[in-house]
Each structure stands twice: as C-alpha cells, then as structure tokens.
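Remarks on the overall topology
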Amino acid sequence: MAGVIRAKQLFVCSSILASNYNKVLVRLPRRSINVIAGNLNSSETKKKEKEKRRRRKEIEVARETAEAVLNKEKRRTRSSREYEIGDGGEVPSSHVPVMLGEVVDVFSSVRLRSFVDCTVGAAGHSSSIIQSHSELKNFVGMDVDPVARKLAHFHIDSLMHPTLKASIVLKNFKYIKSAIADTHPELLDVGVDGILMDLGMSSMQVNNPERGFSVLQEGPLDMRMDPQGSLTAEDIVNSWPESELGRVLRDYGEESNWHLLQNRIVKARLNGGLHSTGELVDLIRGMSPASRGGRQGWIKTATRVFQGLRIAVNDELKTLQNSLYSSFDVLSPGGRLAVISFHSLEDRVVKQTFLDILGFQREEVNGEVSVKPERQIEESIEKELKEKEGWIKQTVIGSKGVILTKRPITPSEEEERLNRRARSAKLRVIQKL
C-alpha cells in the first residue's frame with residue numbers, strides 16, 4: 001500500500017514538474033528562444049558566412065584579373081594581322097614559327113639585300129623572308145643546335161637561286177660579328193639590312209626528352225642549348241653553393257617559394273642528389289599543396305624552376321644583352337633588328353637595351369617606362385613611319401635610331417588560340433638611322 005502511495009506521489013510530482021517546464025518554455029520567447037534558435041542554426045549561419053566569403057573572394061579575384069588584363073593591354077599592341085601558319089594552310093605537327101606574318105611585315109618595306117637569322121631553327125621565318133625578298137643576296141643563319149642546323153640547311157637549300165649566297169653556321173648569336181666575318185666579310189663594312197632573333201624554344205628541343213627541357217618527360221637534367229656546353233642543370237642542382245642556387249630560383253625562375261625549394265634541393269644532396277627531370281619534378285610535386293594540382297600547382301612551379309635553371313645553364317640574359325649591342329652595331333643605316341621574347345625577363349632586357357643603345361635615361365612611372373631623349377623627338381620621322389607602315393603605332397626616336405615598338409606587339413587572338421606557344425610572345429623592333 002505504501003508503495004502505491006509513493007508511486008502516486010511521484011506521478012503527481014512529475015506532472016507538476018512537466019507543467020512548470022511547459023510554462024517556462026512559454027515564457028522564454030523574448031530572451032532564451034533566440035539563444036536556442038541561434039544554437040540550432042549556428043551551423044547554417046556558418047555555412048552562409050562561408051559562402052559569402054567565398055563569393056567576395058571570387059569577386060576580388062575577378063576584379064584583380066580584369067585589372068591585370070587591362071594593364072597588360074595598355075602596355076602592348078595586339079596584332080590585328082591575319083594569322084599565317086606557313087605553307088599549306090594547315091597547322092603542322094612540327095615547329096610552327098611564332099608571329100610569322102608580323103615578322104614579314106617588319107621587313108616588308110626594307111630593301112633587304114642581306115639578312116641574318118640569329119636563331120634559324122627549322123628556318124620557318126627565314127624561308128618566308130627569302131620568298132618575300134627577291135633582292136636578297138646574302139643570308140646567314142645561326143644556331144647552336146646541330147639538329148636545327150641540319151633542318152635549316154634542308155629548307156634553305158630548296159629556296160636557293162643563282163644570286164643568293166646563303167651560309168648556316170653552328171654558333172651562338174653572341175658571335176654574330178665573327179659569323180659574318182667568316183662567311184660574308186663585306187657585310188661588316190656596308191652593314192646588314194635585317195636581323196631577327198626568336199628567343200623561344202623550338203618544339204624540337206622541348207619534345208626531345210634527352211635535352212631535359214620538359215617538365216612532363218623523363219630525361220637527364222641537361223638543359224644545354226648548345227650540346228657542346230660544359231655546364232648542365234644537374235651541375236647547378238647538385239654542386240652550386242646554396243646561395244647561388246637560391247638566386248637562380250628567385251631571380252631567373254621568379255619563384256616566390258624559392259627558399260623552401262632551395263632547402264629541399266640541398267637536402268636531397270645528402271641522399272645522392274637529383275639526376276633526372278623526373279626526380280626534380282617529384283621533389284617539386286611533393287612540396288606542392290595537394291588541393292592545387294595540375295597547372296595551378298606543381299606544373300607552374302616546375303615550369304618556373306626549369307626556366308631558372310635553363311637561363312643559368314645558358315647564361316641567357318647576359319648573352320642576350322651583349323648580342324643586342326653587337327647586332328645593332330652591324331646594322332646598315334635603315335637596317336632593322338627584330339626580337340621575339342617569351343618571358344618577362346627577356347622582354348625587360350630587350351626593352352632596356354634598346355633604350356640604352358639610343359642613349360635614353362629610363363624612369364619607372366607607375367609601371368610604365370618614361371624616357372628622356374638626347375635630343376628633341378623629330379615628329380616628321382615618326383609621322384612618315386606611321387603613314388608608310390600601318391603596324392607602327394608608337395615610336396621612340398633617338399640620335400642613333402628609332403624604336404618602332406614603344407609598346408611590344410603581341411600575337412593576334414587567333415594565333416594565341418591556335419598556337420599555344422605564341423601566347424607569351426612579344427615582338428620589339430629597332431631601326432638604325
């Protein structure tokens with residue numbers, strides 16, 4: 001009986017408690033309900049805030065990208081010329097000369113009795129120049145690659161005529177004066193009417209894994225443009241002082257993460273070093289975030305590292321600068337030097353060396369180069385050039401010559417679409433007075 005009474009008491013108590021609990025809940029809306037609802041919806045709120053942050057980030061990136069594109073457009077002149085791919089009208093599987101039509105235009109108004117192609121390669125540009133200038137008497141092609149020289153011989157030989165004297169030499173373009181002296185010595189007195197430098201890497205070189213230039217193919221860490229050269233990328237990676245290795249990655253590769261890369265490469269030396277492109281790429285891939293794969297991650301980093309090593313192996317920037325001075329020296333009055341570069345370091349050297357040749361002082365103003373000439377710009381010369389040749393937009397005139405491309409010419413949209421190698425190309429031209 002006592003147990004039944006006790007059970008009834010507990011039931012009554014629980015009923016009272018339940019009733020009071022419900023009353024409490026009824027009285028909560030103004031304060032506590034918000035807290036309870038906030039706790040229940042906190043995960044949903046966090047998701048919304050995260051989505052807002054993501055959208056804001058996308059807008060910022062889009063704005064920065066648009067500004068970069070606009071700034072790039074301001075600093076260049078995009079070619080409006082119809083894209084030319086050479087004979088046949090179809091894109092061949094072999095090397096396609098970049099900005100072929102634009103190069104032909106540069107020399108179209110010049111009485112081209114002599115021409116030097118400092119990077120003849122498979123003679124894509126040179127073949128078109130020879131076909132476009134029946135008055136051409138003397139041709140010199142230069143290349144450090146024996147395979148390229150053989151291909152150039154094949155194509156140039158098919159274009160020979162009785163009045164054309166052609167020579168193709170296995171030399172770096174820094175030896176342009178000696179190459180001319182050995183083959184056409186009379187040109188040192190009268191000068192050369194046209195000179196071309198295409199600083200891009202040939203597809204023949206990139207696609208050959210034994211040369212070590214490709215990040216996507218296994219091969220030795222070589223990277224010599226001249227197979228007879230003594231220094232290789234393997235030497236730099238495994239033997240150069242740590243500080244020099246870091247300078248190559250930072251200054252030549254333009255790699256922001258250069259210090260970590262430097263440390264990883266030096267650490268790899270303790271385990272025998274790196275001896276193939278695959279081993280170097282694996283090291284780079286191992287330190288790249290897993291969330292950023294492909295071209296947004298390790299491939300971009302590897303491309304910058306390979307660029308830095310290649311520039312160091314071949315001493316490309318100093319060689320380019322010296323060669324530009326030598327090439328301008330051997331130009332005839334009215335002769336033109338055209339240079340196609342493919343990355344910012346090369347283009348900077350070309351731009352600044354052209355200004356130095358003409359005796360200008362350079363000043364950086366908001367990223368743009370302003371120049372102070374030795375003498376007042378002759379507007380009549382500029383006007384005459386623009387009226388004569390439609391591709392000339394802005395010039396810089398000095399006492400020794402005229403820079404015909406104050407802003408570099410870049411490929412047409414069609415060429416960039418059909419030939420991926422052309423996307424970073426910039427054409428600059430200087431004429432001797």
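Going by the annotation in an unreviewed UniProt entry, the name recorded for the protein is Ribosomal RNA small subunit methyltransferase H, with Cardamine amara subsp. amara given as the source organism. Its UniProt record gives the protein the following Sequence similarities (unreviewed entry) comment, quoted word for word: "Belongs to the methyltransferase superfamily. RsmH family."

**Considering the environment of Asn257**
Mapped onto the elements of the fold, Asn257 is located in the loop between α10 (242-252) and α11 (258-268). C-alpha of Asn257 to C-alpha of Thr301: the two residues are 44 residues apart in sequence and 8.7 Å apart in space.

**Describing unusual backbone geometry**
Phi is positive for Glu254, close to 55 degrees, though the residue is something other than glycine. By secondary structure assignment, the location of Glu254 is in the loop between α10 and α11. For Glu254, a relative accessible area of 34% puts it in the partly exposed group. We note that Asp315 has phi near 50 degrees; this positive angle belongs to a residue other than glycine. Mapped onto the elements of the fold, Asp315 is located in the loop between α13 (298-314) and α14 (316-329). With relative accessibility at 40%, the residue Asp315 sits in the partly exposed group.

**Re the packing of α11 against helix α12 (residues 277-286)**
Relative orientation and spacing of two packed helices are given, respectively, by the angle between their axes and the distance between those axes. Two elements in contact, α11 and α12, have axes whose closest approach is 11 Å; the angle formed by their N-to-C orientations is 130 degrees. Between α11 and α12, the angle falls in the class oblique. In terms of crossing hand, the pair formed by α11 and α12 is right-handed. Contacts between α11 and α12 involve Leu261, Arg264, Ile265 and Ala268 on the former and, on the latter, Leu280, Leu283 and Ile284. A breakdown of the residues in the contact of α11 with α12 according to their chemical character gives six nonpolar, no polar and one charged.

**Observations concerning the side chain of Ser214**
Mapped onto the elements, Ser214 comes out in the loop between α8 (203-206) and α9 (233-239). There is a polar contact of 3.1 Å between the side chain of Ser214 and the backbone nitrogen of Leu216. Other than its neighbours up to four places away in sequence, Ser214 contacts Val206, Thr277 and Phe306.

**Some remarks on the nonpolar core**
Core analysis: the biggest nonpolar cluster contains 65 residues, and Val116, Ile195, Leu280, Leu309 and Leu324 have the highest contact counts within it. It is α13 that contributes the most residues to this core, nine residues altogether. When neighbours within four sequence positions are excluded, Leu309 is seen to be in contact with Met223, Ala233, Ile236, Val237, Val248 and Leu280. Judged by nonpolar contacts, the second largest core, of 34 residues, contains Val106, Ile409, Ala422 and Val429.

**As for the pattern of salt bridges**
It is possible for side chains of opposite charge to pair when their charged atoms get near one another. Under the defined criterion, the tally for this structure stands at 14 salt bridges. Of the charged contacts, one joins Asp329 and Lys177 as a salt bridge, the two residues approaching to 3.4 Å between their closest N and O atoms. Pair noted here: Asp329 is in helix α14 and Lys177 is in helix α6 (residues 176-183), with a separation of 152 residues, a long-range link. What you see here is one network of salt bridges that share partners, running through Asp347, Lys426 and Arg428.

Parameters and conventions
- Residues numbered from 1 in each chain as written.
- Predicted model: local features only at pLDDT ≥ 70, side-chain atom pairs only at ≥ 80, totals over all residues.
- Heavy atoms only, no water.
- UniProt positions renumbered as here; feature names shortened; annotations may be inferred.
- Helix = DSSP H or I, 4+ residues; strand = E, 2+ residues; numbered from the N terminus.
- Buried < 20%, exposed > 50% of the residue type's maximum accessible area, 1.4 Å probe, protein only.
- Axes fitted to C-alpha atoms, helices over the stretch in contact; angles between N-to-C directions.
- Parallel < 35°, antiparallel > 145°, perpendicular 65-115°, else oblique.
- Left-handed = near helix turned anticlockwise from the far one by under 90°.
- Contact = heavy atoms within 4.5 Å.
- Nonpolar A, V, L, I, M, F, W, Y, C, P; charged D, E, K, R; others polar.
- Polar contact = N/O pair within 3.5 Å; in protein donor to acceptor, adjacent residues only side chain to side chain.
- Core = buried A, V, L, I, M, F, W, Y, C linked by side-chain atoms within 4.5 Å.
- Salt bridge = Lys/Arg side-chain N within 4 Å of Asp/Glu carboxyl O.

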